[in-house]
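Fold and geometry: a report
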Amino acid sequence: PSCNDTIQLRRGRMQVGTTIKGRYKTLYKVSDDGFSAYFAALDKKSEKIKLIRAFDKTLTFSLQQPEVFLDLARDFSPHGGYCQLPIHESGIDDDFIYQVMPFTQIESVEKLIDSGYIWGPVQALDLIYELMLSLDEAYIATKSGHFSLTPRNIFINEGGFLLYNDFGIAAHLLQDQRFV
């Protein structure tokens, strides 16, 4: 038997086929950043595909006030720089904290590197430059930083553009005594 047979390391992972709020049905997993998963989901109301981010239930149970996390993520989203994935809706359903974003096919920089992709020097510098410009724009607007930017939560979309998530929330999470 493996360790995972007796110890559930990541409890409460959302699965493909889950429906959120009776409206968004997850169709397939797009990416995973280690503590949340991104899904292509059908919005039954508009009949359009959306990008859904569903955090592990562990996060919901680790926060004193999960609603504060939702408010922070929503409030920072428009000010997180032009590379920030915009959050159009967020909430809690069946103990999953979720975020609804416009659909884009994404892959984390970590996954791209793991699969052997190597950027040329000019392309790599261009991506870093775009990242720095966006983070600078966000800092000017919020006087805050990202604080948890890793290859797991920096994404490249199908158009080759850089995207990230979670601008400004790490510092606030560290103030939550239950989370820490």
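Residues numbered from 1 in each chain as written. Predicted model: local features only at pLDDT ≥ 70, side-chain atom pairs only at ≥ 80, totals over all residues. Heavy atoms only, no water.

Thoughts on the pattern of salt bridges
Oppositely charged side chains are able to pair whenever their charged atoms sit close together. Across all of its chains, the model carries 8 salt bridges by this definition. With a closest N to O distance of 3.6 Å, Glu89 and Lys21 form a salt bridge. Linking Glu89 in strand E5 (residues 89-93) with Lys21 in the loop between strand E1 (19-20) and strand E2 (24-32), this pair joins segments that are 68 residues apart in sequence. Among the salt bridges present, the one from Lys29 reaches Asp32, with a minimum N-O distance of 3.5 Å. The structure contains a network of salt bridges with shared partners spanning Arg13, Lys29, Asp32 and Asp56. (Salt bridge = Lys/Arg side-chain N within 4 Å of Asp/Glu carboxyl O. Helix = DSSP H or I, 4+ residues; strand = E, 2+ residues; numbered from the N terminus.)

A word on the sheet that holds strand E9 (residues 162-164)
Across the sheet, 3 strands lie side by side as E7-E8-E9; this open sheet has antiparallel pairing. The open sheet is flanked by strand E7 (106-108) and E9, the only strands paired with a single partner. On average, each strand axis in the sheet is tilted by 40° relative to the strand beside it, whichever way the strands run. Lying on the sheet, helix H5 (residues 121-142) is in contact with strand E8 (154-157) and E9; it crosses E9 at an angle near 40°. (Pairing = 2+ DSSP bridges. Axes fitted to C-alpha atoms, helices over the stretch in contact; angles between N-to-C directions. Contact = heavy atoms within 4.5 Å.)

Here's the deal with the layout of surface pockets
Approximately 180 Å³ is the volume found for the second largest pocket. Every residue along the wall of the second largest pocket is listed here: Val109, Ile113, Trp119, Ala124, Leu127, Ile128, Leu131, Thr150, Pro151, Ile154, Ile156 and Leu162. Where the lining of the second largest pocket is concerned, the elements lending two or more residues are helix H4 (109-114), H5 and E8. It is H5 that provides the largest number of residues to the lining of the second largest pocket, a total of 4 residues. (1 Å grid on protein atoms, 1.4 Å probe; cavity = no way out; pocket = protein on both sides within 12 Å on 5 of 7 lines; lining within 4 Å. Points joined across faces, edges and corners; volume = space filled by probe spheres on them.)

Section: the sheet that holds strand E3 (residues 36-43)
Adjacent strands of a sheet form backbone hydrogen bonds with each other and so pair up, either parallel or antiparallel. Pairing is antiparallel across the open sheet formed by 6 strands, whose spatial order is E1-E2-E3-E4-E6-E5. Looking at strand neighbours, the two that pair on one side only are E1 and E5, the edges of this open sheet. Taken together, the 5 bridges between strand E4 (residues 48-55) and strand E6 (residues 96-102) define a ladder with antiparallel strand orientation. What sits directly across from Leu51, in E6, is Met101. In the packing of helix H3 (residues 66-76) onto the sheet, contacts are made with E4, E5 and E6, and the angle to E5 comes to roughly 165°.

Observations regarding the pairing of E5
Direction of pairing for E5 relative to E6: antiparallel, over a ladder of 5 bridges. Note that in E6 the partner of Ile92 across the bridge is Ile97. Hairpin connection from E5 to E6: 2 residues lie between these consecutive antiparallel strands, with Asp94 at a positive phi of about 50°.

Focus on H5
Along its 22 residues, H5 runs 31 Å from first to last C-alpha, staying within 8% of the 32 Å computed at 1.5 Å per residue. Within the span of H5, buried status applies to Leu127, Leu131, Ser134, Leu135, Ala138 and Thr142. Angularly, the buried residues of H5 cover 95° about the axis, an arc narrow enough to put them on a single face. Those residues of H5 that are exposed and aimed more than 90 degrees away from the buried face are Pro121, Val122, Leu125 and Ile140. (Expected span 1.5 Å × (residues − 1). Buried < 20%, exposed > 50% of the residue type's maximum accessible area, 1.4 Å probe, protein only. Arc of directions from axis to C-beta.)

A closer look at the confidence of the model for the protein
Across the protein, pLDDT averages 84, with 87% of residues at or above 70. Considering each helix and strand of the protein separately, the mean pLDDT is smallest for helix H1 (residues 3-6), with a value of 54, and largest for E1, with 96. (pLDDT = per-residue confidence, 0-100.)

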